[in-house]
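# Structure assessment
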Amino acid sequence: MFKLTKLLGHPLHELQSDVDEAVSPERYTLLRRKIIALMMAACLIPLSVMAVLNYYEHQNAMAREIQNPLRVLVNKTKNSFELFLTERSSTVSLIASAYTYQELNDEQKLARIFSVMKREFDGFVDLGLIDEHGTQVNYVGPYSLRGKNYADQRWFQEVRLKGKYVSDVFMGFRKFPHVIVAVQHMTEDGRTWILRATLDTRQFERIIASMSLEPDADAFLVNTQGLMQTSSNNYGKVLEKLTFPLPPQTYEPAVLTMIDPLGREVFLSYSYFPEADFVLMAVKPRSSVLKTWYTVRGDLLFIFVAGVAVVLFAAMRVTDALIQRMKESEERRELALRQVEHSQKLSSIGRLAAGVAHEINNPLAIINEKAGLMKDIIAMQGEFPAREKILAQVESVLRTVERCRGITHRMLGFARRMDVSIEELDLGEIVTECAGFLSNEAMHRKVEVRLDIDPLLPRINSDRSQLQQVFLNLFNNALAAVSDGGHIEATARPISGEEGEGVEIVVADNGCGMSDETLKHIFEPFFTTKKGKGTGLGLSITYGIIKRLGGEIAVESAQGVGTTLTITLPKGQREAMA
Amino acid sequence: MNTKDWKILLVDDEHEFITTLAERLELRGINPRVVFDGESALEAVAAAEPHVMVLDVLMPGIKGLEVLERIKRTNPNVQVLLLTGHGSTRDGIEGMRLGAFDYMMKPLNIDTLIEKMDSAIDYANKAAAAAKKGEGL
């Protein structure tokens, strides 16, 4: 009978376990990972490419926008320098042309000329007349330089050679940084003399200050030997060596990026002077000029990371939903296949049972007829020794035949859902027998099964095999609902009412119980709460059987408290039995 | 009608069963004829029409349901009681559809069998009387 119990109550659980094995969780984990990876790749590769392109494009645009103003600024400042120097050298040239050597050699006249120069043009420090031997013959200015000889100085050689010369910054006799503008003049009699003016280098500082650079930026003049001509905030004082190499020579403003001696990445804009030994340089740290870009980059990075998070979240949610659908679909398909297989097995069992029944029923029929004939013959005979004893034996054979007939019919009843077969039966015995089928599992799970069968329970006319199926089903459900250590209680008692006498069987458990919503659908075909572990047919079939047998079934349940199923069956048959 | 006048034909390939059944019926005053296959049954009916034929469904050669179908075509007044060893009502119901009077499952209860024979003969007689009355009209 244990096998019979399995056939009736457990096969769907077994099917589910088979389905679970077929629908392997590892397979879905792998599939889930693949789908997420694919979705992430599909979303993130274009996003990343866009981000990278955007980064470089934006950076280039920013660099262009920064470099161009810097180039313009350097060009403008260089022009200011050139204008300043050209104006001063032109002034000196004009004076040299307008006045004779004798006039310029007149101390008072030279002083008057110098005072006009200073009034009209900023930056002149002094003015001196130097003869062809390099001796300063006349001088107006703050220093005592009259009589000094410049024949050995570089500027003197340069002006003798070129006729006009603007020096770079040097110390000279006065031991103070200065720039000179010198013009050579030749008289009609062939004598040459030089008019020389000194310029204050503070004018250079003023021009550089007019660039209005940011505090961390720098601008300065250097000569082509790399000596600082004006002070720099970061790269040396006047006449110190520039702390980085000179850039390639160009008279047009150029911009290049470099790492300066302070380790900063900087934009260096510069331009060489065509008429003087100067290079104007402006330096701007990249970090300061790209500050806005860094802000934008931070925003972009945040948007990128947030986008990735959103894509990841969406990909995971969509994938989870997709996988869940696939899983459910596959489970349903697998379960359906198993059910078909199970049905085929049952069908085979049915055919086998029919064959067995036929093969056994024929010999039984012979035994039945032979025993019947023996009984007939004995009945026709008069009294003879052992007559009663032999008759009793024949009766026993006939009863046994009847018993075997019942067995073959019940075999078919289980396997092929045969017609209702009514007999007088002891319901308490059936309940006890069905509970006994589950005793092994109950003992294993420490579930207490209590039976309370009223000794006055009347025998009823009903179908034994159908009732066996009902109570096996109810006990199986109760056992599935209770936790280990729980209890199941079955009581059977006689009842009497308007519809006559009958019996009431109550199967109660202290399991998980059911919600009101579940209770509404509990007897509907294919309704199940076992999430794929049941067909939802068990209670539906139970309901159908009880109704066919003229009975009633009711259910009460509370979540977390337990479930009570109450079945009433008539003592005799009702119309439903017909 | 007295049971001695009943014309009963028993058809089953199980010799032991059918001969013993015949013997028991004889003890009860019924004298059946016994044949062991479908072909012999058709010949027996053609030779002498019985009131009731007790016919096993599953036999070698011509099957019981085919014998029934043919008898009902040639001798519709013969009442047929089907015997089935399947323990299933399926063949019995199919037989009733083909015109069998009733069906019984093996092993038999002889009293029930005789009751059904009596009912069948009574039914046949009433049907014949009704037919005659119809002809007379």
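Residues numbered from 1 in each chain as written. Chains lettered and ligands numbered in written order. Predicted model: local features only at pLDDT ≥ 70, side-chain atom pairs only at ≥ 80, totals over all residues.

### Some points on the overall build of chain B
Summing up its helical and strand segments, chain B has 5 helices and 5 strands in all. Listing every helix and strand of chain B by position from the N terminus yields β-α-β-α-β-α-β-α-β-α. Counting across all 137 residues of chain B, residues that qualify as buried make up 40%. Considering only residue pairs separated by 6 or more positions, chain B has 60% of its internal contacts joining residues 24 or more positions apart. (Helix = DSSP H or I, 4+ residues; strand = E, 2+ residues; numbered from the N terminus. Buried ≥ 20, exposed ≤ 12 C-beta atoms within 10 Å, placed from the backbone. Contact = placed C-beta atoms within 7 Å.)

### A word on the overall build of chain A
Within chain A, the secondary structure is distributed over 15 helices and 16 strands. Across the 578 residues of chain A, 29% fall into the buried class. The contacts of chain A with a sequence gap of at least 6 include a subset with a gap of at least 24, amounting to 61%.

### What to know about the packing of helix α2 (residues 38–47) of chain B against helix α3 (residues 64–74) of chain B
Residues and elements named next belong to chain B. Running from N to C, α2 and α3 cross one another at 20°; their axes reach a closest spacing of 10 Å. With respect to α3, the element α2 is oriented roughly parallel. Between α2 and α3 lies a crossing of right-handed hand. Counted together, G38, A41, L42 and V45 of α2 and G64, E66, V67, R70 and I71 of α3 form the full contact between these two elements. (Axes fitted to C-alpha atoms, helices over the stretch in contact; angles between N-to-C directions. Parallel < 35°, antiparallel > 145°, perpendicular 65-115°, else oblique. Left-handed = near helix turned anticlockwise from the far one by under 90°.)

### Quick look at the sheet that holds strand β5 (residues 102–105) of chain B
Strands belonging to one sheet form pairs held by backbone hydrogen bonds; the direction of such a pair is parallel or antiparallel. Residue and element names in this part refer to chain B. One open sheet accounts for 5 strands, arranged β2-β1-β3-β4-β5; its pairing is parallel. Edge positions in the sheet fall to β2 (33–35) and β5, since each has one partner strand and no second. Pairwise comparison of adjacent strand axes, ignoring direction, gives a mean angle of 20° for this sheet. Pairing geometry for strand β1 (residues 8–11) and strand β3 (residues 52–56), over 4 bridges, is parallel. Its bridge partner being in β3, L9 is matched across the sheet by M53. Contacts from helix α1 (residues 15–27) reach β1 and β2, with the element oriented near 155° to β1. (Pairing = 2+ DSSP bridges.)

### Thoughts on the sheet that holds strand β4 (residues 179–186) of chain A
Residue and element names in this part refer to chain A. What the 5 strands build is an open sheet, ordered β2-β1-β5-β4-β3; its pairing is antiparallel. Unpaired on one side and paired on the other, β2 (136–140) and β3 (164–166) mark the two borders of the sheet. Along the sheet, successive strands turn relative to each other by an average axial angle of 15°, direction set aside. The pairing of β4 with strand β5 (residues 192–199) spans 8 bridges and is antiparallel. When the sheet's bridge partners are listed, H185 is paired in β5 with W193. Across the sheet, helix α3 (residues 25–98) lies against β3, β4 and β5, angled at about 30° from β4, the strand it touches most.

### Things to note about the confidence of the model for chain A
In this model, chain A carries an average pLDDT of 82, and 87% of its residues clear a pLDDT of 70 or more. Low pLDDT, under 50, characterises residues 1–16 of chain A; the predicted model gives this stretch 23 contacts beyond four residues in sequence or across chains. (pLDDT = per-residue confidence, 0-100.)

### What to know about the confidence of the model for chain B
Scored by pLDDT, chain B has a mean of 88; 93% of the residues are at 70 or more. Taken together, the chains of this predicted complex give a pTM of 0.42 and an interface ipTM of 0.87.

### Quick notes on the environment of D152 of chain A
Considering the arrangement of structural elements, one finds D152 of chain A in the loop between β2 and α6 (154–162). Considering only alpha carbons, one finds D152 of chain A and G134 of chain A, 18 residues apart in sequence, at a separation of 8.1 Å.

### Observations concerning the environment of N362 of chain A
You can see N362 of chain A is positioned in helix α9 (residues 291–380). We classify N362 of chain A as buried; it has 21 C-beta atoms within 10 Å. Discounting residues that sit within four places of it in the chain, N362 of chain A has contacts with E14, F17, G85 and K106 of chain B.

### Some thoughts on the nonpolar core
Core analysis: the largest hydrophobic core is formed by 56 residues, its most contacted members being A182, L195, F220, V279, M281 and A282 of chain A. Element by element, the count of residues in this core is highest for α3 of chain A, at 8 residues. When residues of this core are sorted by domain, at least three fall in each of domain 1 (99–203) and domain 2 (213–289) of chain A. Here V279 of chain A is in contact with L221, V222, T224, L246, Y270 and Y272 of chain A, once residues within four sequence places are set aside. Grouped together as the second largest cluster of nonpolar side chains are 40 residues, F17, M53, V78 and A120 of chain B included. (Core = buried A, V, L, I, M, F, W, Y, C linked by C-beta atoms within 7 Å. Domains from an automatic or database assignment.)

### Brief notes about the packing of α3 of chain A against helix α7 (residues 202–209) of chain A
All names here are of chain A. Between α3 and α7, the least distance of the axes is 10 Å, while the angle of their chain directions is 150°. Viewed along their axes, α3 and α7 adopt a mutual orientation that is roughly antiparallel. With respect to the hand of their crossing, α3 and α7 are arranged in right-handed fashion. Side by side, α3 and α7 meet where T77, S80, F81 and F84 of the first sit next to Q203, I207 and I208 of the second. Each residue belonging to the contact of α3 with α7 can be placed in one class, and the counts come to 4 nonpolar, 3 polar and no charged. (Nonpolar A, V, L, I, M, F, W, Y, C, P; charged D, E, K, R; others polar.)

### Observations concerning unusual backbone geometry
In this structure, P107 of chain B follows K106 of chain B across a cis peptide bond, with omega equal to -10°. The topology assignment puts P107 of chain B in the loop between β5 and α5 (110–136). At S212 of chain A, a residue that is not glycine, the phi angle is positive and equals roughly 50°. Topologically, S212 of chain A is positioned in the loop between α7 and β6 (218–223). On the neighbour-count criterion, S212 of chain A (7 C-beta atoms within 10 Å) is exposed. Of note, L239 of chain A is a non-glycine position whose phi angle comes to about 70°, a positive value. Of note, L239 of chain A is situated in the loop between β6 and β7 (254–259).

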